[in-house]
Amino acid sequence: MAWNTNLRGRLPITCLILQVIMVVLFGVFVRYDIQADAHWWLEKKRKNISSDVENEFYYRYPSFQDVHAMVFVGFGFLMTFLQRYGFSAVGFNFLLAAFGIQWALLMQGWFHYFEEGHIVLSVENIIQADFCVASSCVAFGAVLGKVSPMQLLIMTFFQVTLFAVNEFILLNLIEAKDAGGSMTIHTFGAYFGLTVTWILYRKNLEQSKQRQSSVYHSDLFAMIGTLFLWIYWPSFNSASSFHGDAQHRAALNTYLSLAASVLTTVAVSSIIHKKGKLDMPFLESRLRIQDTCGIHNLHGIPGIIGGIVGAVTAAYSSPDVYGEPGIVHSFGFGGYKSDWTKRMQGKSQIFGLLLSLAMALVGGIIVGFILKLPVWGQAADENCFEDSVYWEVHEEVNAVYIPENLVHKHSTLASTMPVVLSTASTSIIPPVPPTPPVSLVTPVPSAALVH
Amino acid sequence: MAWNTNLRGRLPITCLILQVIMVVLFGVFVRYDIQADAHWWLEKKRKNISSDVENEFYYRYPSFQDVHAMVFVGFGFLMTFLQRYGFSAVGFNFLLAAFGIQWALLMQGWFHYFEEGHIVLSVENIIQADFCVASSCVAFGAVLGKVSPMQLLIMTFFQVTLFAVNEFILLNLIEAKDAGGSMTIHTFGAYFGLTVTWILYRKNLEQSKQRQSSVYHSDLFAMIGTLFLWIYWPSFNSASSFHGDAQHRAALNTYLSLAASVLTTVAVSSIIHKKGKLDMPFLESRLRIQDTCGIHNLHGIPGIIGGIVGAVTAAYSSPDVYGEPGIVHSFGFGGYKSDWTKRMQGKSQIFGLLLSLAMALVGGIIVGFILKLPVWGQAADENCFEDSVYWEVHEEVNAVYIPENLVHKHSTLASTMPVVLSTASTSIIPPVPPTPPVSLVTPVPSAALVH
Amino acid sequence: MAWNTNLRGRLPITCLILQVIMVVLFGVFVRYDIQADAHWWLEKKRKNISSDVENEFYYRYPSFQDVHAMVFVGFGFLMTFLQRYGFSAVGFNFLLAAFGIQWALLMQGWFHYFEEGHIVLSVENIIQADFCVASSCVAFGAVLGKVSPMQLLIMTFFQVTLFAVNEFILLNLIEAKDAGGSMTIHTFGAYFGLTVTWILYRKNLEQSKQRQSSVYHSDLFAMIGTLFLWIYWPSFNSASSFHGDAQHRAALNTYLSLAASVLTTVAVSSIIHKKGKLDMPFLESRLRIQDTCGIHNLHGIPGIIGGIVGAVTAAYSSPDVYGEPGIVHSFGFGGYKSDWTKRMQGKSQIFGLLLSLAMALVGGIIVGFILKLPVWGQAADENCFEDSVYWEVHEEVNAVYIPENLVHKHSTLASTMPVVLSTASTSIIPPVPPTPPVSLVTPVPSAALVH
């Protein structure tokens, strides 16, 4: 099927329309929270706050910047492992996240930060928006290489919408807790992405098989992403915790879990390789649903495990560890929840997990069918995983010198000059014109060059 | 014109002399600010400060580190997009910035932090020095690939000097405000760099044309720079704001503007490509002044826009938004400025913008002519944009195996062995000796190898 | 000597046993410090702490994250300069550091944070653990390319143990001060690593000589590591300083020293190159002990200089600068140390330095002989510095097109089709099967392809 991948008309219009809508909605709805407003000095007086350092900014901004690095550098470079898809991995992740955080600020704002007709904006909102978009980055991993930037924008629009609805039901209606986002970010993000890629199933994807693997340098770029995700994960899990010991504890727990996971991962990677070698990203999905980045094992399963463990921990949380006031504080067992038991909290967590899965599946099916429409500029099966479909790519051209004696009698050129052959990165896409190769030696007749 | 690019004598002497001067001047002039001095406990007592967290360090250090990452990682890698200029992009940026921050600490110190015969040093100074040097990194973008490290040191010396003078006149004499550095950093930096590159115009630069484009991997490295500049920009714009709501607000505003800019940029990039593809760095300058990194569009125009918008915003700033006390506080409308109106502030902003442009042009012309002297080890036109002029480069050598049957009868070697050809990255510079190529197969007579 | 490098049985078992031991020991020994415990609200009441921002977390967490980035991104990528050892550089550094921080938390915990039968854990411990592991990363630099991941785990186990003992003797028994870790991190780490590599001396290492150099892209990856180490060094040196002015001062001093070091380094690099060119990592060791990363010059010598300068500074520290109370505070000249003089402190520093050297030498010899046992899966001399020994590597395969007229009469294939040759990164290891090369042009008979 030869779809038209020329986005010249469609992509700019989509981007501009979306951005104009964002600007208008921000103008109408978004205002500064009092902590970011020029009237904060009044609030400080009223609340008898003695120091500027009590501004929420100083509690959360360093963690925010770490999360921000994870979303844009971490997820972006993580997905550069494909040999010919680095621009798209980083660039499309950039595009969808930059759109997604704006839409998330609005959606989450209407649900959680709406006061007197306006969304009030502080450092807390931008952390939450980055969290929301992290689930879109997860889902991007499933469809990586097989969708157009148009499709990614549409997908992000719906996913962010569903994320905000799911999060609202979980946190505000079911009253579940989801620190670290096991349910709302990882489970929802992963199964939404997996459902979409399942609906978009491509029968002849093996035609672009040779570009589905990594190469040496692409894996090194992917390590940049891996490491930035890994080192900043303590900030991810603690960025929105309660002030003080809770934020402190969340960071420590994550630090320890991450360290422990590395040895286990190395062990498993070495066991499953027939010669005991290590393999970068080795968590390939066994599901036959074309999950490019293996997000089922990377986010789906861990998200579910996190959700279940969270439920169990809640149901059996010990007053010895947290103290009765600690448990009441953590689960909000006050006011209308004063008759809640820990077991009820555990059930609520399980409901939250099931709801996240249901939202992901139903939402993913609907969005999948929308994305199946042949109008979004998606590439043909044989052109998947290839940057040059949507990007201007400058090929790396090397010169190969073939010595005179080898060429001599066979060249149709009446020439005894050495021949220079060009080598370029492999590509199926024919219209990419190689830039003129350059001789290692001396100028050669251009007719001897390969184009 | 064949200049001598051997820097063995000149570069070390220049570096060492500059560094010795710095050390002496620091010894004579620089002292710790009370907040970084071992006597701070006295100050705490005197001012009745109850907590160590009130030390300026905790308000600004996290933002400082982000800015520091932008200057060295962000700008450095941003300029690695040229196929054969990665070492120079990162390394020369490193060199000029490391020298520049020292000189900036002195220059800005004399103008802004001079107390009782000494420059007092705190985290605030090092943020300001990083800001100042960011303008040198911007200017470096214009001359990228065409100047020697000697020239960059000279250029940085003058630019930092002019920056400090310009900043002093703007902030202290004209009383303009320049949060984010639209005028002092972006406008001044860009037009200074553009003027220098215009004076250094190279007629035959198309001789090194083939190295002026990017290749696949070089663009991916440039994305590292792009992303680190992008994610930390909220810190850049808020690092030196007033404590509390002002710093909070500056970070939020920048976050939103950055997100909005991505969709717009994608739209424009796709519109101007004839097949609607995206292109990395696409903001090529239309000016015929050899602006390598396109800084006219990247910093010049945005700086001017920022300056004008700042003036308009100042002139029409609303008491509804800031409150009268807020406006008085922000613009310093107290003391001898108590009769200033917002309109006067707006005019002052415009003067500041014009002054920045004038300083950039006049300074750029003078510095340009100094740099034109043929003593700085600059490269010939055909050797521009090439790392191996100033760096020891280890070539990547690949082996190409040509099967026996192809070689058989034509090799002058009495041999039926397969021939292995070497491929290396293209380079015009002849003296780079390729490291010995290695066979993929079995040892071959070295005479069959191509050097 | 052909050792068996298949780690399938050994590596997973080692990793899993170590990790299980860690989990058990953490369960038995490690508890939250009161600042990270859910009972902190009680402590706040008791100590009359008015604000959550007084939690140690907010004083230290931003610096911790910078140090964390240095250990994993900085050291990891610094060592990617070898052309075929990027996976191992980043991956093995990741593995040893992730194991090392767990073991360091226990070892340092028993010595320094042991209260009522438990190790109490806060952000301070994880900074100290990262510091300890930094010394393992330094030592890794000496043996880079010549040891198996098994050997690295064993080496890290012993090194962390010795580090903790050495640190305890230095800080608690000898009462030396070691801000920045000149003695405990750099001197100990470097000479431990150098002694190990000296014991592991490989006579025929020149057989893998061609892989001991860098190539263009590998040096650019190494620049990522270099820059992240450089920009965050102020955090490294200040992360564990006293609150307030001391932390502030440590960051400023490091910032200035770093800036000054760049010009000096460029000068020296240019002087020692015969054409005055710059060279990335140029600090090659002159010691004939196979110090891959040149850590003798990078950490050993600077560590010793730092130790000596520290001793001199302590002995001659002036009350003019620190005030008498400052000196008493810094050196802890109270209680049982009330009769200490500055000169005694200086002597104590020198003892600390000598002890670190002694521990490194004796420990390194013992560990070196343990690592010499032929059971750890180490590679043969000719296979050193090669990722594919322990990693699944996907080769980058390019296609070379040889035009028809050149091939025509000589191909044994009765074919007039163009021939496509594959080029791959060089590798000695034969069993790496190249992935099928892809034609730039049209499908060709696979018999014409080179494997």
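My aim in this report is to walk through the structure given alongside it, one point at a time. (Residues numbered from 1 in each chain as written. Chains lettered and ligands numbered in written order. Predicted model: local features only at pLDDT ≥ 70, side-chain atom pairs only at ≥ 80, totals over all residues. Heavy atoms only, no water.)

### Thoughts on empty space enclosed by the protein
Put simply, the rule is: Here a cavity denotes a set of grid points, spaced 1 Å apart and computed over the protein atoms alone, in which a 1.4 Å probe fits but from which it cannot get out, and a pocket denotes an open set meeting protein on both sides within 12 Å along at least five of seven lines; residues with an atom within 4 Å of a point are reported as lining. Grid points are joined across faces, edges and corners, and a volume is the space filled by probe spheres set on the points. Secondary structure is summarised from DSSP: a helix means a run of H or I of at least four residues, a strand means a run of E of at least two, and numbering begins at the N terminus for each. Note that Gly is not counted as nonpolar here; it falls among the polar residues with everything else outside the nonpolar set of Ala, Val, Leu, Ile, Met, Phe, Trp, Tyr, Cys and Pro and the charged set of Asp, Glu, Lys and Arg.
Counted by the stated rule, this structure contains 13 cavities of 30 Å³ or more. Taken together, 23 residues line the second largest cavity, and the ones lying closest to its centre are Pro62(A), Tyr58(B), Pro62(B), Tyr58(C) and Pro62(C). For the lining of the second largest cavity, the secondary structure elements donating two or more residues are α3 (56–78) of chain A, α3 (56–78) of chain B together with α3 (56–78) of chain C. Residues of the lining of the second largest cavity, tallied by class, amount to 18 nonpolar, five polar and no charged.

### Details of helix α8 (residues 216–238) of chain B
Our working rule: Here the expected length of a helix is defined as 1.5 Å per residue gap, with one fewer gap than residues. The seven residues ending at a residue and the seven starting there each receive a fitted axis; the angle between those axes is the bend at that residue.
Here α8(B) spans 34 Å end to end across 23 residues, near enough to the 33 Å set by a 1.5 Å rise per residue. The axis of α8(B) is deflected most strongly, by about 50 degrees, at Tyr232(B), and proline Pro234(B) appears within four residues downstream.

### Section: the state of the cysteines
Residue and element names in this part refer to chain A. To be explicit about the condition: We call a pair of cysteine sulfur atoms a disulfide when they lie within 2.5 Å. Relative accessibility decides the category of a residue: with a 1.4 Å probe and only protein chains considered, values under 20% of the type maximum give buried, values over 50% give exposed, and everything between is partly exposed.
For the coordinates displayed, the defined rule picks out zero disulfides over all chains. Of all cysteine sulfurs in the structure, the one in Cys293 sits closest to Cys384, which takes part in no disulfide; the separation is 15 Å. Overall, Cys384 belongs to the buried group, its relative accessible area being 1%.

### A few points about the side chain of Ser218(B)
All names here are of chain B. Applied cut-off: Under the rule applied, a polar contact is a pair of N or O atoms within 3.5 Å (in protein, one hydrogen donor and one hydrogen acceptor; residues adjacent in sequence only if both atoms are side-chain atoms). Whether two residues are in contact is decided by their heavy atoms: any pair within 4.5 Å suffices.
As for its position among the elements, Ser218 is in helix α8. Of the residues examined, Ser218 reaches a relative accessible area of 5% and is grouped as buried. A polar atom in the side chain of Ser218 sits 2.6 Å from the backbone oxygen of Phe81. Sequence-distant contacts of Ser218, defined by excluding residues within four places in its chain, comprise Thr80, Phe81, Leu82 and Gln83.

### Regarding the packing of aromatic side chains
Under the convention used in this document: Put simply, two rings from Phe, Tyr or Trp (the six-membered ring, in Trp's case) pair if the centres are within 6.5 Å, and we call them stacked under 30 degrees between planes, edge-to-face over 60, tilted for the rest.
Counting across every chain of the model gives 84 aromatic pairs over all chains. When the centroid spacing of 4.5 Å and the interplanar angle of 50 degrees are considered together, the rings of Phe72(B) and Trp230(C) count as tilted. With Phe72(B) in helix α3 and Trp230(C) in helix α8 (residues 216–238), this pair bridges two chains. The exposure classification of Phe72(B) matches that of Trp230(C), with both residues buried. Ring geometry for Phe333(B) and Trp340(B): centres 6.5 Å apart, planes at 45 degrees, overall tilted. Of the residues examined, Phe333(B) reaches a relative accessible area of 10% and is grouped as buried. Pairwise contacts between aromatic rings join Phe29(A), Trp103(A), Trp110(A), Phe114(A), Phe157(A) and Phe158(A) into one cluster.

### Let's talk about unusual backbone geometry
In this model, Glu175(B) sits at a positive phi of 60 degrees, which is unusual for a non-glycine residue. Mapped onto the secondary structure, Glu175(B) falls in the loop between α6 (149–173) and α7 (182–199). Note on Glu175(B): relative accessible area 11%, which makes it buried. Positive phi outside glycine occurs at Gln290(C), with the angle close to 55 degrees. Structurally, Gln290(C) can be placed in the loop between α9 (245–272) and α10 (295–315). Residue Gln290(C) is classed as buried on the basis of its relative accessible area, which comes to 16%.

### Examining the interface of chain A and chain B
Selection rule: Accessible surface is computed with a 1.4 Å probe, and the buried area is the amount of it that two parts give up when combined, taken over both parts together. One speaks of a salt bridge when a side-chain nitrogen belonging to Lys or Arg is within 4 Å of a carboxyl oxygen belonging to Asp or Glu.
Between chain A and chain B, the residue contacts involve 85 residues of the former and 75 residues of the latter. Roughly 7,100 Å² of surface becomes buried between chain A and chain B when both sides are summed, with 70% attributable to carbon and sulfur atoms. For the pair chain A and chain B, the number of links is zero salt bridges. At the boundary of chain A with chain B, the tally comes to 25 residue pairs in polar contact (both at pLDDT 80 or more). Those elements that provide at least two residues to the side of chain A that touches chain B are α1 (10–29), α2 (40–47), α3, α4 (86–112), α5 (123–143), α8 (216–231), β4 (397–402) and α14 (404–407) of chain A. Residue contributions to the side of chain A that touches chain B peak at twelve residues, all from α3(A). Tallied by class, the residues present in the side of chain A that touches chain B amount to 54 nonpolar, 21 polar and ten charged.

### Let's talk about the sheet that holds strand β3 (residues 118–121) of chain A
Residue and element names in this part refer to chain A. The test is simple: At least two DSSP bridges between two strands are required for those strands to pair.
On the basis of which strands lie adjacent, the open sheet formed by three strands has the order β1-β3-β2 and mixed pairing. Edge positions in the open sheet fall to β1 (30–32) and β2 (114–115), since each of these has one partner strand only. With two bridges joining them, β2 and β3 adopt antiparallel strand pairing. Across the sheet, the residue bridging to Glu115 is His118, located in β3.

### Some words on the sheet that holds strand β3 (residues 118–121) of chain C
Residue and element names in this part refer to chain C. Definition in use: A fitted line through C-alpha atoms serves as each axis, taken over the contacting stretch for helices, and the angle formed by two N-to-C directions is quoted from 0 to 180°.
With mixed pairing, three strands are arranged side by side in an open sheet as β1-β3-β2. Edge strands, defined here as strands with exactly one partner in the open sheet, are β1 (30–32) and β2 (114–115). Along the sheet, helix α1 (residues 10–29) makes contact with β1, β2 and β3, crossing β1 at roughly 55 degrees.

### Quick word on the nonpolar core
The criterion, for reference: Take the buried residues of types Ala, Val, Leu, Ile, Met, Phe, Trp, Tyr and Cys, join any two whose side-chain atoms come within 4.5 Å, and each joined set is a nonpolar core.
By size, the foremost hydrophobic cluster in this structure holds 370 residues, and its most contacted members are Phe77(A), Phe77(B), Ile224(B), Phe77(C) and Ile224(C). Setting aside its immediate chain neighbours within four residues, Ile224(C) contacts Ile224(A), Phe77(B), Phe221(B), Ile224(B), Val73(C) and Phe77(C).

### Observations regarding the environment of Ile224(C)
Note on placement: Ile224(C) falls in helix α8. With 154 residues separating them in the primary sequence, Ile224(C) and Gln378(C) have C-alpha atoms 28 Å apart.

### Brief notes about the pattern of salt bridges
With the rule as written, the count across this model stands at 24 salt bridges over all chains. Between Arg46(B) and Glu43(B) there is a salt bridge; the shortest N-O distance is 2.7 Å. With Arg46(B) and Glu43(B) both in helix α2 (residues 40–47) and three residues apart, this pair spans about one turn of that helix. Note on Arg46(B): relative accessible area 62%, which makes it exposed. Residue class for Glu43(B) comes out buried when judged on its relative accessible area of 10%. Here Asp381(C) makes a salt bridge to Arg202(C), at a shortest N to O gap of 2.6 Å. In this pair, Asp381(C) is assigned in the loop between α12 (342–372) and β4 (397–402) and Arg202(C) in the loop between α7 (182–199) and α8, connecting sequence segments 179 residues apart. What makes Asp381(C) buried here is its relative accessible area of 14%. Here Arg202(C) falls in the buried class, since its relative accessible area comes to 8%. Salt bridges sharing partners connect three or more residues here, namely Glu43(A), Arg46(A) and Lys47(A).

All quantities given are derived from atomic positions and should not be read as evidence of function.
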